[in-house]
Amino acid sequence: MGLEAAVSVDDPGRCPVADASEETGERIGSVKKSTNGGVAVEEFELAAGTPTPEGTTEVFGDNRYSVYRFERDRSEPCFCERIEAFGCPIVDVRSEDGELRVVFRPPDVETLQDIVTTLREEFGGVSLKHLVQSGDPDESDTVVVDRGRLTDRQREVLETAYGMGYFDHPKGANAEEVSEALEINSATFRGHLSAAQSKLLESVVER
């Protein structure tokens, strides 16, 4: 049994990778990092011919891609290192149009919840993009939950309901209270919530 999660953030703070993707308009992948004391050295790839992003140095290039490097003071807030502080190595980092997407493997759902809560408190605008749960390989019991199935409104309703404790036992908030927070009537709230839950459940029961 294991989990793999992908989270994204619209504004990861002072993140040269996200800044470079927004500056160049290019999708960035293959991010690598090493540390030396209080300094983090990171590299990422961009298509060949892309102008050198501000604050980086080109360290390799051919007719396919170029590799850019930058150094960062580890005392500065870092989205990825906040995740690593929970003992979860980063599996993959990508960025497009300033949005950062990070994949990692939390040991359990409780740790994942703590990570997402911590990230939202510090960076805001954090979304859980997908969650993969692996079971016994012989049973082929892998489940993918893709939040991309949801509309923005469905995601907002689901996140607000969850944040207010609507799904807790006992409930932290009832339908009327969540509806009021969303400034919609309870029937509309239930409609959005039902649609969101149905889409997410499809990810679990489809085979």
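Residues numbered from 1 in each chain as written. Predicted model: local features only at pLDDT ≥ 70, side-chain atom pairs only at ≥ 80, totals over all residues. Heavy atoms only, no water.

### Comments concerning the overall build of the protein
Next, step 1: A count of helices and strands for the protein gives six helices and nine strands.
Next, step 2: Within the protein, residue pairs in contact and separated by at least 24 positions form 54% of the contacts whose partners lie at least 6 positions apart.
Next, step 3: Split by element, the accessible area of the protein, about 11,700 Å² in all, is 46% carbon and sulfur. (Helix = DSSP H or I, 4+ residues; strand = E, 2+ residues; numbered from the N terminus. Contact = heavy atoms within 4.5 Å. Areas by Shrake-Rupley, 256 points an atom, 1.4 Å probe, with all protein chains shown as cover.)

### Concerning helix α1 (residues 16-24)
Next, step 1: Looking at α1, one finds that the buried residues are V17, A18, A20 and S21. Down the axis of α1, the buried set is contained in an arc of 160°. They therefore lie on one face.
Next, step 2: Residues of α1 that are buried in the fold lie against β2 (29-36), β3 (39-47), β5 (65-73), β6 (90-96) and β7 (99-104).
Next, step 3: G25 lies just past α1 and shows a positive phi near 75°. (Buried < 20%, exposed > 50% of the residue type's maximum accessible area, 1.4 Å probe, protein only. Arc of directions from axis to C-beta.)

### Quick notes on the pairing of strand β4 (residues 57-61)
Next, step 1: Relative to β5, β4 is paired through four bridges, and the arrangement is antiparallel. Note that in β5 the partner of E58 across the bridge is Y68.
Next, step 2: Between the antiparallel neighbours β4 and β5 lie three residues. (Pairing = 2+ DSSP bridges.)

### Some thoughts on the environment of Y68
Next, step 1: By the secondary structure assignment, Y68 is in strand β5.
Next, step 2: Here the alpha-carbon distance between Y68 and A20, two residues 48 residues apart in the chain, equals 10.0 Å.
Next, step 3: Among residues more than four places away in sequence, those in contact with Y68 are E42, E43, F44, L46, T50, P51, T52, P53, T56, T57 and E58.
Next, step 4: Within the structure, Y68 has its side chain in polar contact with the backbone oxygen of T50 (distance 2.9 Å). (Polar contact = N/O pair within 3.5 Å; in protein donor to acceptor, adjacent residues only side chain to side chain.)

### Digging into the nonpolar core
Next, step 1: In this structure, V7, F44, F79, I83 and L100 are the most contacted members of the largest nonpolar core, which totals 31 residues.
Next, step 2: Within the residue set of this core, elements represented by two or more residues are β1 (2-9), α1, β3, β5, α2 (79-84), β7, α3 (109-123) and β8 (126-134).
Next, step 3: Setting aside anything within four residues of it in sequence, one finds I83 in contact with V7, C88, I90, V102, F104, I115 and L119.
Next, step 4: In terms of nonpolar packing, the next biggest core, distinct from the first, is built from 14 residues, L158, A161, V178 and L193 among them. (Core = buried A, V, L, I, M, F, W, Y, C linked by side-chain atoms within 4.5 Å.)

### Points about the packing of helix α4 (residues 152-163) against helix α5 (residues 175-182)
Next, step 1: Where α4 contacts α5, the axes come no closer than 10 Å and their chain directions differ by 130°. With respect to their mutual orientation, α4 and α5 come out oblique. In terms of crossing hand, the pair formed by α4 and α5 is right-handed. For the pair formed by α4 and α5, the contact residues are R153, E156, V157, T160 and A161 on the first element and V178, A181 and L182 on the second.
Next, step 2: Partitioned by chemical class, the residues of the contact of α4 with α5 number five nonpolar, one polar and two charged. (Axes fitted to C-alpha atoms, helices over the stretch in contact; angles between N-to-C directions. Parallel < 35°, antiparallel > 145°, perpendicular 65-115°, else oblique. Left-handed = near helix turned anticlockwise from the far one by under 90°. Nonpolar A, V, L, I, M, F, W, Y, C, P; charged D, E, K, R; others polar.)

### Brief notes about the sheet that holds β3
Next, step 1: With antiparallel pairing, the four strands of this open sheet are ordered in space as β2-β3-β5-β4. Unpaired on one side and paired on the other, β2 and β4 mark the two borders of the sheet. On average, each strand axis in the sheet is inclined to that of its neighbour by 25°, with strand direction left out of account.
Next, step 2: Each of β2, β3 and β5 is contacted by α1, which is oriented at about 25° to β3, the strand it contacts most.

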